[in-house]
Amino acid sequence: MNKGFTCRIPMLYLLLIMACGGKPADHMVYESNAGLPVLLMPDQPKSIEIKAKDLFVSSFKKITQKDIPVIREQQFKDTFLHVISIGQTKILQSLKPTPLKSAESYGILNKKNTTCIYSKGDVGLLYGVTQFFKQTAQAMYIDRQDLLLPAKASLQIPSGFELVSEPAFAYRESYFPQADDYDYCLWNKTHKLEEYWGCWGHNLHRLIEKASGSAGGPAEIYALRNGERKSSQYCFSSPKLFELLFQGIKAKQMEQPDARYFSIIPNDNLIVCQCSACQKAGNSNTDAAPAVAQLVAQLAGRFPDLVFMMSSYGCTKNPPARSMPANSGVIISTIDYPKGQALRQAEQAELFKGLVSTWKQKVNHVFIWDYVVQYSNYLDLFPVLKSFQDNLKWYRELGVTGVFAHGSEDKYAALDDLKSYVTASLLWNPAQNIDSLRYSYLEAAYPEQFDLINDFYVLLEDKVYREQKKLDIYGNISEAIKAYLNEEALSIFFYDLSEKEKTLKGPAAARVGKLLTALCYDQLEALRYHGCSEKGYAQVQSQGPWKIQAEGPKLVETLQQLMSKYQVSMYNEQGELLQNYLKQWEEYIFKYPYQNRLYASPLKILSESDEDFVKRAPTMLTDGALGFREYTMHWLLQSTEDLIVEANLQGKAAASKISCSFLNDPRHGIHFPEEVIVSNAADEKIIARQTLSADWSGEVTKREIVLNLPNPVQGAVRIHVVRTLVGESGEILPKSSIACDEICLY
């Protein structure tokens, strides 16, 4: 029995009956050596009842290898061995079923030789059919196109069984690759973003394109700031913008008739229009919610059957002062709240509770945009299922009506199949036993590796949950190591699973192979984190370049084989390729002749370092740990002012060069510096300087510069890295950080 559903028979009593031989308390729906049951339909079935009948017939055939007879009510006889009623039949009404509350709810009711599957007439009837086969045949849809319908010689249901199941949330999205499969969503009772949303996220340009054929528009639809129109943000008071969105929504309805939700959300920046109309609506310099709410109210009035969603995020964080129509709502992002820790126990719990409460006073539909993977590294195991379950329970108590669980979208993530299944199940009913959900999934999806995978994963999940670890969705492997990941255990788990993978075939082999790819990547990241150390990728020698340790090349070769065999190509939200990641190992580690007379020497930081780097800054620029083309590991970030460090060369052998490495990542506001200046610390006399050419391509790139020094240089030298503050077109950059990973003297 699925523990997540309310049943009129007490669970303990039912389990005791089943444990004691169970047969007398079970009713035989089908037995291979007896007659077939019949499937009973209303005389004039609705379209959803016909769909439910077709789903039942096809599933029954796959499980029993038999064709179940289908009859209408006028053909009904009392002599049938067993009757399975679908939909609103007269026989259902005679049994007086429990009334259902929502269109998606369903019921299953057994009385003697009759089992009724019913709903209020919507998709709930299909959910009821899938639950019937979960109940009687242990059927599961475990992964994309992987529906397990075990062959059965008999189907039984507890006599007198009644199940009434209502969804915890009106909207439920588990956004993993599995969600691309309509049947997977049906069997796991989740919604499909591409079906239910006419516009999702920061995508108003798509509606504009539907209306005009171009994602752009006239100047008047864009935000006015300091007398200039900003094409990166909209003027939400613009009549022309309303007209374009109105026409775009009408076009979308023709193309996607089931789309019910439309998000009216500013682009992902903090620009707020300051035109007279937006100011009259109530906009401040930082708050666009008043103008957005005004636009939402206008659209909601023109499309009363649709739901228009604002966002509690960025420049629309707080609800507007005006009252909103019934068909409006809000999506509240949890991006600023910790993961791994139950939100109700976090420091920000009251803040979050108050935010939900104030929005509830304004709108009817309150959705949460939550996060269940690590977006800098989809291959991180990121064990947050237990805290996610706690959060769902709290969301329901707070009156939340929908949850979007943001997974890895269409990309592979470590154990995404398990996370997709468990999150989907919990979205329907957060009170289910999460251990039972995990067991049932892993037993079905990894039958030969169940104990190995379950034992390893549950240790991680329990450690994070028990110790209420705070995890960052944009972190790196160092956080995993500190919070839950034992590297020795990871290595042993990888080896044991690799041994089992050698004999596997089919879908199970692919699932295990993809997991091995993730584990191999995580081991490489752990080596990279430890840098030049016994646990890292290299050892620095007193003479000559560093010595590469054997484990790195071996893991790189293994990852190359696994990613090719199991077609895992990307590893993060930005779509970075594993192939390029491996090239960086070759370029920045294996082929890089690192030697540094400043190795492990503390540098004096004269500028104010960003808070996260204060403790590590003195030696992280000389520790031999080199950054790749991503900013999360081994890069010292400086965003408040220029980077100025002082290195004491006293006692160092005469050196002729200083090199520095920098990162360019415009998406995250990281730019190459304008100039690097080396001067004597004592008299500030410049002894070397070099300018850097800017890179406005938008590409993430790394660059090393080398400055020649006059010999001999003694005492302390000051290295001044000048930030780039002006953009390609002469505009002042809203954010400009320096990222430096190593300063070498040689």
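In the block above lies the structure referred to throughout.
Described in the following lines is the structure provided in the data block. (Residues numbered from 1 in each chain as written. Predicted model: local features only at pLDDT ≥ 70, side-chain atom pairs only at ≥ 80, totals over all residues. Heavy atoms only, no water.)

A few words on the packing of helix H8 (residues 239-255) against helix H10 (residues 289-302). For any two helices packed against each other, the geometry comes down to the angle between their axes and how far apart the axes lie. Running from amino to carboxyl end, H8 crosses H10 at an angle of 40°, the nearest separation of the two axes being 11 Å. By the angle between their axes, H8 is oblique relative to H10. Judged by the sense of rotation from one axis to the other, the crossing of H8 with H10 is right-handed. Taking contact as the criterion, the partners of Leu241, Phe242, Leu245, Phe246 and Ile249 in H8 are, on H10, Leu295, Gln298, Leu299 and Arg302. (Axes fitted to C-alpha atoms, helices over the stretch in contact; angles between N-to-C directions. Helix = DSSP H or I, 4+ residues; strand = E, 2+ residues; numbered from the N terminus. Parallel < 35°, antiparallel > 145°, perpendicular 65-115°, else oblique. Left-handed = near helix turned anticlockwise from the far one by under 90°. Contact = heavy atoms within 4.5 Å.)

With that settled, consider the packing of aromatic side chains. If you walk through the whole model with that rule in mind, you get 49 aromatic pairs. Considering the side-chain rings of Phe56 and Phe133, the 4.8 Å spacing of their centres and the 50° angle between planes classify their relative orientation as tilted. Here Phe56, found in helix H2 (residues 47-64), pairs with Phe133, found in helix H4 (residues 124-137); they are 77 residues apart in sequence, far enough to count as distant. The burial state of Phe56 is the same as that of Phe133; both residues are buried. Ring plane angle 40° and centroid distance 4.8 Å describe the contact between Trp200 and Trp369, whose orientation is recorded as tilted. One end of the pair, Trp200, is in the loop between strand E13 (197-199) and helix H7 (204-212); the other, Trp369, is in strand E19 (residues 365-371), and 169 residues separate them in sequence. There is no split in this pair, since Trp200 and Trp369 are both buried. Taking NZ or CZ as reference, Arg302 lies 4.4 Å from the ring centre of Phe246, over its face. One Lys or Arg, Arg528, reaches over the ring of Phe628 and ends 4.2 Å from the middle of that ring. (Phe/Tyr/Trp six-rings, centres within 6.5 Å; stacked < 30°, edge-to-face > 60°. Buried < 20%, exposed > 50% of the residue type's maximum accessible area, 1.4 Å probe, protein only. Lys NZ or Arg CZ within 6 Å of the ring centre and 35° of its normal.)

Looking now at the sheet that holds strand E26 (residues 657-664). Read from one edge of the open sheet, 4 strands run E24-E31-E26-E29, paired in antiparallel fashion. The open sheet has two free edges, formed respectively by strand E24 (636-638) and strand E29 (701-708), since each of these has just one partner strand. The sheet shows a mean angle of 30° between the axes of neighbouring strands, direction not considered. In this sheet, strand E31 (residues 738-745) lies alongside E24 in antiparallel orientation, the contact comprising 3 bridges. By the bridge assignment, Leu637 is partnered in E31 with Ala739. (Pairing = 2+ DSSP bridges.)

Okay, the pattern of salt bridges next. Should their charged atoms come close, side chains of opposite charge can pair. As enumerated under the stated definition, the model contains 31 salt bridges in all. Note that Lys470 and Glu347 form a salt bridge whose closest N and O atoms lie 3.7 Å from each other. Taken together, the positions of Lys470 in the loop between helix H15 (450-466) and helix H16 (477-483) and Glu347 in the loop between strand E18 (328-333) and helix H11 (349-360) put the pair 123 residues apart, joining distant regions of the chain. For Asp410, the salt bridge identified is with Lys411, shortest N-O distance 3.8 Å. By relative accessible area, Lys411 is classed as buried at 14%. One network of salt bridges, with partners in common, ties together Lys463, Arg466, Glu467 and Lys469. (Salt bridge = Lys/Arg side-chain N within 4 Å of Asp/Glu carboxyl O.)

Shape descriptors only; they carry no functional weight alone.
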